[in-house]
Protein chains: 2
Amino acid sequence: MIQPASPILAPQRRELIRSLVKDEGIVRVEDLRQNLKVSVATIRRDLEILEENGKLQRIHGGAVTMENRLEEAVFDDKTNQASTEKGRIAEEACKLIGKGDSVYLDGGSTTLGLARLLKDRTDLTLVTNSLRAAAELADSGPKVLLIGGELRRISQTMVGPLTSGVLGQVHVDKAFMGTMGFCLRSGLTTTDPNEAYVKNLVADQAGQVILLADSGKAEKVSFARVSDWDAIDVLVTDGNLPKLFAKSLRKRGLKVLLA
Amino acid sequence: MIQPASPILAPQRRELIRSLVKDEGIVRVEDLRQNLKVSVATIRRDLEILEENGKLQRIHGGAVTMENRLEEAVFDDKTNQASTEKGRIAEEACKLIGKGDSVYLDGGSTTLGLARLLKDRTDLTLVTNSLRAAAELADSGPKVLLIGGELRRISQTMVGPLTSGVLGQVHVDKAFMGTMGFCLRSGLTTTDPNEAYVKNLVADQAGQVILLADSGKAEKVSFARVSDWDAIDVLVTDGNLPKLFAKSLRKRGLKVLLA
DNA sequence: GCGTTTTTGATCGTTTTTGAAAGAAACGCA
DNA sequence: TGCGTTTCTTTCAAAAACGATCAAAAACGC
């Protein structure tokens, strides 16, 4: 049966606009009016609602995706200061994730970069203690499990003994860890003992432990000891790592990947 | 759609609507009226029933599948909607919190309002399954513990059996719970069984269980049963709650506060 | 068959959505 | 900067959809 131009329901129309913005990156009010056969007033109202819901960002004459916001671009640069290196490390790490894997994602900027690469990986199960990683994947992506625990404000991660509650009940194939410093003698260190506690718990039970750290962290030692090198299976870092350092780690049985 | 000469039975019609919504993703009241040859009043009643049974989600002019329901649109509408009432409810609830208390904060818009009022309460320990509540208190406020668990995207809460890991290790003086519907006969109900599971765990071990719900939720029944009224100690709602309702609850031993 | 309960359709007042119009603000260009 | 044009916000009224209520119709049990 052919419908004589059956009108579209309001929520359906808004969903249409939302996906259009997502696909095109930008839409114009006038285009929407012609395509959707409603008045500009209605279009504007729709955009207003969608903006309130955080689905898009209105601009003069139309709307753009949240990602396209200038503001956000600035912000992203900040988090990725050494963004080229950290981004490359994240991309390299991403290649290590197989289909259907269950992975743990530690807190930190490098691992956060990895989280951004997983938005389409609905095949994965992701365990994390990072609120930012969870926020990054809030709308789509893998199944997300958060470990509980005390919120450490500065890093926006969950730490401390309570984390054992959930961590004791799950297993991950691969754990991607961050660190504040790594050193041949002292192993891995971080600033907060509670944070270290979690990293240890994870490392203990993960099938494979993969450390993501830019070369700037090499030979840096922080306050809280996390673990020795034998807890680590793979190190993904950048090409500026001293060759002797890499060689020494490889002799200890680690796989060292330079992004 | 082909019509039998004889009228069809009501349950048969509803099943038809249900499968239509499932297939099409969206249906319009007017279309249903024409195809089913019944009045709009009947269609509306059918949709109402199907919605109560969790089979679909009503929207202005029709209905959509539960999967299609415009995610945050639903949630955010709620945060804005009766915001004055919810704000008052939150303020009233806030008065119940004593110095140094440990409190649990459930997910939902009303409890989120309460979270906003706690930014200066550094004396508290707050346990929550809500990422939004945690985000609200990300910079300052009480000590925050998050329970772990699977991330439920639509509500941005952690749900499911894994939550028992942390919840088993903590005790809270007061638990502030939200709900999708509360009803004298059916008690408390919500949309997701995993969500209900968490609410139950919390209610079981909290010193005092305080339900925050605007009167619009009264006599609404959702899909997943949470608990009976005897699990609740205090109900904080608004003045629009039918007096008989309040009276009946008080008779059952609940404290009913009208904000 | 008859009284009762359930279902249905109609009506009315209310809420939501929509489109139009007028003044304000932003933009492009000289 | 100033000016014309486009776009935006605000406001209002019409239209569509809604919930509540009531009476008629149908289904039901005995």
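Scroll up to find the structure this text is about.
The rules behind each value
- Residues numbered from 1 in each chain as written.
- Chains lettered and ligands numbered in written order.
- Predicted model: local features only at pLDDT ≥ 70, side-chain atom pairs only at ≥ 80, totals over all residues.
- Heavy atoms only, no water.
- Contact = heavy atoms within 4.5 Å.
- Salt bridge = Lys/Arg side-chain N within 4 Å of Asp/Glu carboxyl O.
- Helix = DSSP H or I, 4+ residues; strand = E, 2+ residues; numbered from the N terminus.
- Nonpolar A, V, L, I, M, F, W, Y, C, P; charged D, E, K, R; others polar.
- Pairing = 2+ DSSP bridges.
- Near = heavy atom within 4 Å.
- Polar contact = N/O pair within 3.5 Å; in protein donor to acceptor, adjacent residues only side chain to side chain.
- Axes fitted to C-alpha atoms, helices over the stretch in contact; angles between N-to-C directions.
- Right-handed = clockwise from strand over helix to strand, strands pointing away.
- Buried < 20%, exposed > 50% of the residue type's maximum accessible area, 1.4 Å probe, protein only.
- Lys, Arg positive; Asp, Glu negative; His and termini not counted.
- Parallel < 35°, antiparallel > 145°, perpendicular 65-115°, else oblique.
- 1 Å grid on protein atoms, 1.4 Å probe; cavity = no way out; pocket = protein on both sides within 12 Å on 5 of 7 lines; lining within 4 Å.
- Points joined across faces, edges and corners; volume = space filled by probe spheres on them.
- Phe/Tyr/Trp six-rings, centres within 6.5 Å; stacked < 30°, edge-to-face > 60°.
- Expected span 1.5 Å × (residues − 1).
- Arc of directions from axis to C-beta.

S.K.: Got a minute to help me understand the interface of chain B and chain A in this structure?
M.R.: Counting residues at the interface gives 42 residues for chain B and 38 residues for chain A. The tally of links from chain B across to chain A stands at 2 salt bridges. Between K143 of chain A and E150 of chain B there is a salt bridge, and its shortest N-O distance comes to 4.0 Å. Put simply, the parts of the chain that give the side of chain B that touches chain A at least two residues each are β1 (26-28), α2 (29-36), α4 (71-80), α7 (131-136), β6 (143-146), β7 (149-152) and α8 (164-167) of chain B. At 5 residues, α4 of chain B tops the list of elements feeding residues into the side of chain B that touches chain A. In terms of residue class, the side of chain B that touches chain A is made up of 20 nonpolar, 13 polar and 9 charged. Looking at chain direction, strand β6 (residues 143-146) of chain A and β7 of chain B are connected through 2 bridges and run antiparallel. Considered in β7 of chain B, the bridge of L146 of chain A is made with G149 of chain B.

S.K.: What am I meant to see in the protein's contact with DNA strand C here?
M.R.: T42 and R45 of chain A together with R13, T42 and R45 of chain B are the nearest of the 16 residues found near DNA strand C. At the protein interface, 67% of the atoms of DNA strand C within 4 Å belong to sugar or phosphate. In the model, a phosphate oxygen of DNA strand C is placed 3.1 Å from a nitrogen or oxygen of the R13 of chain A side chain. Going through the elements one at a time, α1 (10-24) and α3 (40-52) of chain A together with α1 (10-24) and α3 (40-52) of chain B are the ones with two or more residues in the surface near DNA strand C. Class assignment for the residues of the surface near DNA strand C results in 6 nonpolar, 6 polar and 4 charged.

S.K.: For this particular structure, what's the right way to read the sheet that holds strand β1 (residues 26-28) of chain A?
M.R.: Backbone-to-backbone hydrogen bonds join strands into a sheet, with any given pair of strands oriented parallel or antiparallel. Residue and element names in this part refer to chain A. Within the open sheet, the 3 strands sit side by side as β1-β3-β2. Their pairing is antiparallel. At either end of the open sheet lies a strand with only one pairing partner, and these are β1 and β2 (57-59). In this sheet, adjacent strand axes meet at a mean angle of 25 degrees when their direction is disregarded. Across the sheet, helix α2 (residues 29-36) touches β1 and β3 (62-64), and the angle it forms with β1 is around 70 degrees. α3 contacts β2 and β3 of the sheet and is inclined by roughly 140 degrees relative to β2.

S.K.: How should the pairing of strand β5 (residues 125-128) of chain A be read in this particular structure?
M.R.: The side chains of a regular strand alternate, first on one face of the sheet and then on the other. Residues and elements named next belong to chain A. Inspection of the sheet shows strand β4 (residues 102-105) paired to β5 by 4 bridges, in the parallel sense. Looking at β5, one finds that L105 is bridged to T128. Viewed along the sheet, the connection from β4 through helix α6 (residues 109-116) into β5 turns out right-handed. Pairing of β5 with β6 involves 4 bridges; the strand directions are parallel. Directly across from T128, in β6, lies its bridge partner L146.

S.K.: Would you explain the side chain of T128 of chain A in this entry?
M.R.: Residue and element names in this part refer to chain A. By the element assignment, T128 lies in strand β5. For T128, a relative accessible area of 0% corresponds to the buried category. At 3.0 Å, the side chain of T128 and the backbone nitrogen of S130 are in polar contact. When residues no more than four places from it in sequence are discounted, the contact partners of T128 are Y104, L105, A133, L145, L146, I147 and M158.

S.K.: Sorry if this is basic, but what is going on with the pattern of salt bridges here?
M.R.: Side chains carrying opposite charge are able to pair once their charged atoms draw close together. Residue and element names in this part refer to chain A. Throughout the structure, instances matching the rule amount to 32 salt bridges over all chains. A salt bridge links D228 to R225, with the shortest nitrogen-to-oxygen separation between them at 3.4 Å. Here R225 falls in the partly exposed class, since its relative accessible area comes to 47%. Connected via shared salt-bridge partners are R13, R14 and D46.

S.K.: In this structure, what is going on with the side chain of K86 of chain A? I would like to understand it.
M.R.: All names here are of chain A. Take K86: it is sitting in helix α5 (residues 83-94). Buried within the structure, K86 lacks any salt-bridge partner; its nearest side chain of opposite charge belongs to D214, at an N-O separation of 4.3 Å. Not counting residues up to four positions away in its chain, the partners in contact with K86 are S109, T110 and D214.

S.K.: Where do I start with the packing of α1 of chain B against α3 of chain B in this structure?
M.R.: All names here are of chain B. Remark: α1 packs on α3, axes separated minimally by 10 Å, with the N-to-C direction vectors making an angle of 70 degrees. The angle between α1 and α3 places the two elements in the roughly perpendicular class. Judged by residue contacts, R13, R14, I17 and R18 of α1 engage T42, D46, L47, I49 and L50 from α3.

S.K.: What am I meant to see in empty space enclosed by the protein here?
M.R.: Unoccupied space between atoms shows up once a probe the size of one water molecule is rolled over them. Scanning the entire structure with this criterion turns up 3 cavities of 30 Å³ or more. In this model, the largest cavity occupies a volume close to 60 Å³. Taken together, M177, G178, T179, L188, K199, A203, V209, V226, S227, A231 and I232 of chain A make up the lining of the largest cavity. For the lining of the largest cavity, the secondary structure elements donating two or more residues are α9 (193-205) and β13 (224-227) of chain A. In terms of residue class, the lining of the largest cavity is built from 7 nonpolar, 3 polar and 1 charged. When its volume is computed, the second largest cavity comes out at roughly 40 Å³. Y104, V127, L167, V170, H171, V172, V202 and Q205 of chain B are the residues that line the second largest cavity. Taken together, the residues of the lining of the second largest cavity break down into 6 nonpolar, 2 polar and no charged.

S.K.: Just checking my understanding: could you explain the packing of aromatic side chains for this structure?
M.R.: Two measures describe an aromatic ring pair: the distance that separates the ring centres and the angle between the ring planes. Under the counting rule described, the total for this entry stands at 6 aromatic pairs over all chains. Relative to F245 of chain B, the ring of F182 of chain B lies with its centre 5.5 Å away and its plane at 85 degrees, an arrangement referred to as edge-to-face. One end of the pair, F182 of chain B, is in strand β10 (residues 181-183); the other, F245 of chain B, is in helix α10 (residues 243-251), and 63 residues separate them in sequence. Among the aromatic residues, those joined into a ring-pair cluster are F182, W229 and F245 of chain A.

S.K.: Help me understand α9 of chain A in this model?
M.R.: Turn by turn, an α-helix covers 3.6 residues, leaving residues three or four places apart pointing in a common direction. Residue and element names in this part refer to chain A. The terminal C-alpha atoms of α9, which comprises 13 residues, lie 19 Å apart, in line with the 18 Å expected from a rise of 1.5 Å per residue. Taken together, the buried positions of α9 are E195, A196, V198, K199, V202 and A203. Along the axis of α9, the buried residues cluster in a sector spanning 160 degrees; they form a single face.

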